[in-house]
Amino acid sequence: MEDGNSVCRRGELDDVVTSGLSEGTRTLENDPILRAQGFISNTCVGIVLKPGRTLGGERVVNPFRVDFGCIKLNLSKPIAFVTHGWTDDANKLWVQDIAQKVIRHLDRNVCVVQWKQLSAYKYEQAATENTLIVSDYLTKFIRFLVQNGLELKDMILIGHSLGAHVMGQTGYNFNGEIGQIYGLDPARAFFTVPEDRGLQYRLDSTDAKYVQMIITTRGLGGVLFGDGHDNFYPNGGTNPQPHCTFPLLTDAEFANQLLCSHIHSTTLFRLSLSPWTLYLGNRCDSYPRYLLGMCKDHKPNNLGIFNNRAGGDFYLRTTPKSPLIAHMNQLGSLHHGY
């Protein structure tokens, strides 16, 4: 059924996600480990992943059944996916605000991936096992969309912390053919330390045609070194970020400095989705060299989607209070990289 710009399809996703699996594990009624349902919000499609019970003590990953009846997508427009990290929730302000800003400023379909309950497991299990479960479902859903006319090269994946690696794993599953991935302070533990688990598990520059990382808790919550095409280090990328030095005196989402700085990457990214809000960084070898003005003649690049994809490591300063811009700049010299 079609009405205007939306397209409704009934039951098709169930066939996609159950292919290659036994008849005994096809439906929710068989007590799958995962239960999922979709929801519709304006032009947004959402996927909700929920843990269920195990079958005989075995960890069998079952397909979800699509019971929401209608997926509302404009197949003439590309799509963006947004997801959260450990112990987080897709209903949080930063997720919803990114989704709305993508719709408003990029004119795209948006899919918010909610894995709140799976992300609430102990960190090691959430990082090493549950991220793979989520990326597997997301991969199946994207394959369905490709079969219905959307192109990988036009897709944008956005993830925070563990969610950044969910998006990296998904990109890896498509051999780097996804258009863009934005990793917001990608998690460090169990991806690069105590040992590097390998590129199939963590976000890196091979996972998409363009990968950007925004690092705000360098070497603590987030990775020590960015591995994207463009890597942004606001205020050197370290904890605490200026917005989080005295978080109770700002509009920070967390009172804890580390948590505040870790989520700060999402704040900068969502604010950068307004084309007139610019966070310009200079390519530089290190933050001390940047502070000494030794890189001021290097071509600047803008954090977020509206960037020139110059490649390299970029440093910038932000302020404690919103909109967090240390220096106002003109948009004219930037290329809109979407």
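Reading the values: the criteria
- Residues numbered from 1 in each chain as written.
- Predicted model: local features only at pLDDT ≥ 70, side-chain atom pairs only at ≥ 80, totals over all residues.
- Heavy atoms only, no water.
- UniProt positions renumbered as here; feature names shortened; annotations may be inferred.
- Helix = DSSP H or I, 4+ residues; strand = E, 2+ residues; numbered from the N terminus.
- Polar contact = N/O pair within 3.5 Å; in protein donor to acceptor, adjacent residues only side chain to side chain.
- 1 Å grid on protein atoms, 1.4 Å probe; cavity = no way out; pocket = protein on both sides within 12 Å on 5 of 7 lines; lining within 4 Å.
- Points joined across faces, edges and corners; volume = space filled by probe spheres on them.
- Nonpolar A, V, L, I, M, F, W, Y, C, P; charged D, E, K, R; others polar.
- Core = buried A, V, L, I, M, F, W, Y, C linked by side-chain atoms within 4.5 Å.
- Buried < 20%, exposed > 50% of the residue type's maximum accessible area, 1.4 Å probe, protein only.
- Contact = heavy atoms within 4.5 Å.
- Phe/Tyr/Trp six-rings, centres within 6.5 Å; stacked < 30°, edge-to-face > 60°.
- Lys NZ or Arg CZ within 6 Å of the ring centre and 35° of its normal.

For the protein, the name recorded in an unreviewed UniProt entry is Lipase, with Culex quinquefasciatus as its organism. In UniProt, the protein has this text filed under Subcellular location (unreviewed entry): "Secreted".

(A) Quick peek at the side chain of His-243. Here His-243 shows up in the loop between β10 (230-234) and α6 (257-272). At 2.6 Å, the side chain of His-243 forms a polar contact with the backbone oxygen of Pro-320.

(B) Local environment of the layout of surface pockets. Taken as a whole, the largest pocket encloses approximately 380 Å³ of empty space. Lining the largest pocket are 18 residues, with Trp-86, Thr-87, Ser-161, Leu-259 and His-262 sitting closest to its centre. Among the elements that take part in the lining of the largest pocket, α6 stands out by supplying four residues, more than any other. Looking at the lining of the largest pocket residue by residue, the classes come out as nine nonpolar, six polar and three charged.

(C) Quick look at the nonpolar core. Of all hydrophobic cores here, the largest spans 74 residues; its most connected members are Phe-81, Ile-98, Leu-145, Met-155, Ile-158 and Phe-269. If near-sequence neighbours (up to four positions away) are discounted, Leu-145 is found in contact with Leu-73, Ile-79, Phe-81, Leu-150 and Met-155.

(D) Spotlight on the packing of aromatic side chains. One pass over the structure, following the stated rule, counts ten aromatic pairs. Relative to Phe-269, the ring of Tyr-182 has its centre 5.4 Å away and its plane inclined at 45°; by these criteria the two rings are tilted. In this pair, Tyr-182 is assigned in strand β8 (residues 180-184) and Phe-269 in helix α6, connecting sequence segments 87 residues apart. On the accessibility criterion, Phe-269 (0% relative accessible area) is buried. By way of ring pairs, the aromatic residues Tyr-233, Tyr-287, Tyr-290 and Tyr-315 are connected into one cluster. Between Lys-140 and the ring centre of Tyr-137, over which it is positioned, the NZ or CZ distance is 5.8 Å. Lying over the aromatic face of Tyr-210, Arg-309 brings its terminal NZ or CZ to 4.6 Å of the ring centre.

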